Amino acid sequence: MATAGHVDHGKSTLVRALTGMEPDRWAEEKRRGMTIDLGYAWTTLSTGETIAFVDVPGHQRFVPNMLAGVGPVPAVLLVVAADEGWSRQTEEHVDALRAFGVRDGLLVITRADLGDGALAVEEARDRLAGTPLAGLEAVVTSAPTGMGLPALRQALGRLVARLPPPSPTPRTRLWIDRVFTVRGAGTVVTGTLGAGALAHDDELLLWSSRRPVRVRQLQSLGERVERAEAVARVAVNLRGLDRDQVRRGDALVAPGWYAGVREFDARVDWLADCGSAEVILHAGSAAVPARVRRLGDGTARIRAERALPLDIGERALLRDPGRCRVVAGIVVLDADPPPFTRRGAAARRHSDLVKRPDTPDLAEEIARRGAVRRTGLTSSGRLAPGGSTPEGTTEVAGWIVHDPWWRECRDRLAAAVRERAAAHPLSPALPRKTALRLSELPDPALLDAVVDGLGMVRDGPGIREADTRPELSDRAEAALDALCARLAADPFDAPGRPELDQLGLTTAHLRAAVGRGRLFRVQQGVYVHADAVSLALGRLAPLPQPFTLSDGRKALGTSRRVAVPLFELLDRLGRTRSTPEGLRRLVTSGPAVH
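About the thresholds
Counting restarts for each chain, with residues numbered from 1 along the sequence as it is written. For this predicted model, a pLDDT threshold of at least 70 governs which residues receive local features, and a threshold of 80 or more governs which side-chain atom pairs are given and counted, while totals over whole chains, interfaces and linings are taken from all residues. Hydrogens and water are ignored here; the side-chain numbers use all heavy atoms of the structure. Numbering of helices and strands runs from the N terminus; a helix is a DSSP stretch of H or I covering at least four residues, while a strand is a stretch of E covering at least two. For a helix, the expected span equals 1.5 Å multiplied by the residue count minus one. Per-residue accessibility, obtained with a 1.4 Å probe over protein chains only, is compared with the maximum for each type, and a residue is labelled buried under 20%, exposed over 50%, and partly exposed between these values. Classification of ring pairs rests on two measures: the distance between centres of Phe, Tyr or Trp rings, Trp counted by its six-membered ring, which must be within 6.5 Å, and the angle between planes, read as stacked under 30 degrees, edge-to-face over 60 and tilted in between. To sit over a ring, a charge needs its Lys NZ or Arg CZ within 6 Å of the ring centre and within 35 degrees of the ring normal. In this analysis, strands are considered paired if DSSP registers two or more bridges between them.

1. So, helix α4 (residues 88-100)
- Taking 1.5 Å of rise per residue, the 13 residues of α4 would be expected to cover 18 Å, and the 19 Å separating its terminal C-alpha atoms lies within 8% of that figure.
- The buried count for α4 comes to 10 of 13 residues, which makes it a mostly enclosed element.
- Along α4, the residues classified as buried are Q89, T90, E92, H93, V94, D95, A96, L97, A99 and F100.
- Directly after α4, the chain includes G101, whose backbone phi takes a positive value near 85°.

So this is what it looks like as structure tokens:
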């Protein structure tokens, strides 16, 4: 559990009275009588249950520290002093609890020896009305006199009994809130284990660096243990990790279960106005700069400065760094959102998001989106690494696709390819960019899978059916016959634009002729005999090696317009190469050319 409440309302004194332990660790905290950083203490109830407390600072200047402690906990001790009553800082702590989704706990009135405890309870209940914390059981106490402490311990027992146990999961995640070094042991991190379990010698990933680390020793509440299960306070001694390689806000996660979330769509409950799109995103013990793009009333796209190990349905909050207060609670709805590529996409996205539950059914989610990356499902906890896909879905090129949607995409692409061939018989190949847009496929890898599955062929930058080839008119066929007859006698006498215009041959005609193997394209605008490469090598090989460009041009009986790009092409094909000074070439025994 975490404490929450205004500075100097007696949170640390209450924890000290309950546990007999000193939660304030720093000399500065003890000197000033004010909690600055997170403190930890624990106690065992008469029921045998052990409760660990994260004592958080109440001063506004230390809100980031407070949020690091509250983020991973399931319940709270909301502390209000009887002599001072509700305060602005109490309200801000309640906003943080609301944003993190903390729904249970106890309302504890402290310093009842100095004020009217019943009046403080009444005021606090009025303030909590309409919030998820309305109806908290209230206990009036005075730590210095011991008043109400037995009743508080009984209330804690009732609270523990009604808190639901966490669901078993292999998705272990420990948000780190403290890092220190122990002589002879090395680096130790502590945190609230919110999901999964930890055991001696487990291998984990340090999230910030994705570096594998191993659990050397494990403690929970000051005792060495072989295994700890969520929810628990733990201290983890990590083997082979230096103190400066880890910090608060980092996390230890189970390998293979988190791909990381940097940009995501979220449901947003705005608690205060925020004049800037730049905020601090608090998740677990992490605090990361982020930008918010509002999509509509209650939804937003959030882009964090770095990726975090977040889940679909997970709660986090946004803080205004300028005013240092919580401005919104959020729920992650989509950890792999689609890009905005068309006008009105943000509004359409909002309409889609507002209909979603916080944790949608996996099969329904895939059906609604059509295709979802496996990594996105893994990173959000929806699918195990290597796990089987839901019924009615198929894995294609790293995507999980909804089978009916996949068939529709294939049908749209096939229809688009046929329409292209009918409308453009000289260039029947459908450009890939057009194919992606018309098929509505989100990834070129999926387009390639459709092409292969339908037996289509790739034709340069386009796609066509295997039995579809450019069709030439009778007039174009006759003109091409005439050109090929001339090139048979003079293979390297490439026609110029005037001759091509006279023959009525366009670039599309010439491209079709190259595709049929009737011409060879040296470069744009330079077309020669179809067997130009082998014919050129046959004329160049007998020359004294190396030979100059002029000697080669004469041997081919052509102009510089053809010879220069042809020799450069032969170099790229490995059939000729330049001498070191670059003025001569020689024929090599390079790879065969097909």
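There's more to say after this.
2. Concerning unusual backbone geometry
- For the peptide bond that leads from A230 to V231, omega is 0°, which places it in the cis range.
- Its location among the elements puts V231 in the loop between β13 (227-229) and β14 (232-239).
- The residue after Q545, namely P546, is reached through a cis peptide bond having omega -5°.
- Relative to the assigned elements, P546 resides in the loop between α16 (532-540) and β30 (547-548).
- Here E440, not a glycine, exhibits a phi torsion of approximately 65°, which is positive.
- Along the chain, E440 turns up in the loop between α11 (432-439) and α12 (444-453).
- E440 gets classed as partly exposed once you look at its relative accessible area, which sits at 49%.

3. Some details on the packing of aromatic side chains
- Scanning the model with the defined rule gives two aromatic pairs in all.
- Over the aromatic face of W207 sits the side chain of R210, whose NZ or CZ is 3.6 Å from the ring centroid.
- When the ring centre of W270 is taken as origin, the NZ or CZ atom of R294, which lies over that ring, is 3.7 Å away.

4. What about the pairing of strand β7 (residues 173-182)?
- Two strands pair when backbone bridges link them, and β7 and strand β8 (residues 186-195) are joined in this way by nine bridges, in the antiparallel orientation. Along β8, the bridge assignment pairs I176 with G191.
- Between the end of β7 and the start of β8, which pair antiparallel, lie three residues, with G184 showing a positive phi angle near 90°.
- Relative to strand β15 (residues 251-253), β7 runs antiparallel, the two being bridged by three bridges. Opposite W175, over in β15, you have A251 as the bridge partner.

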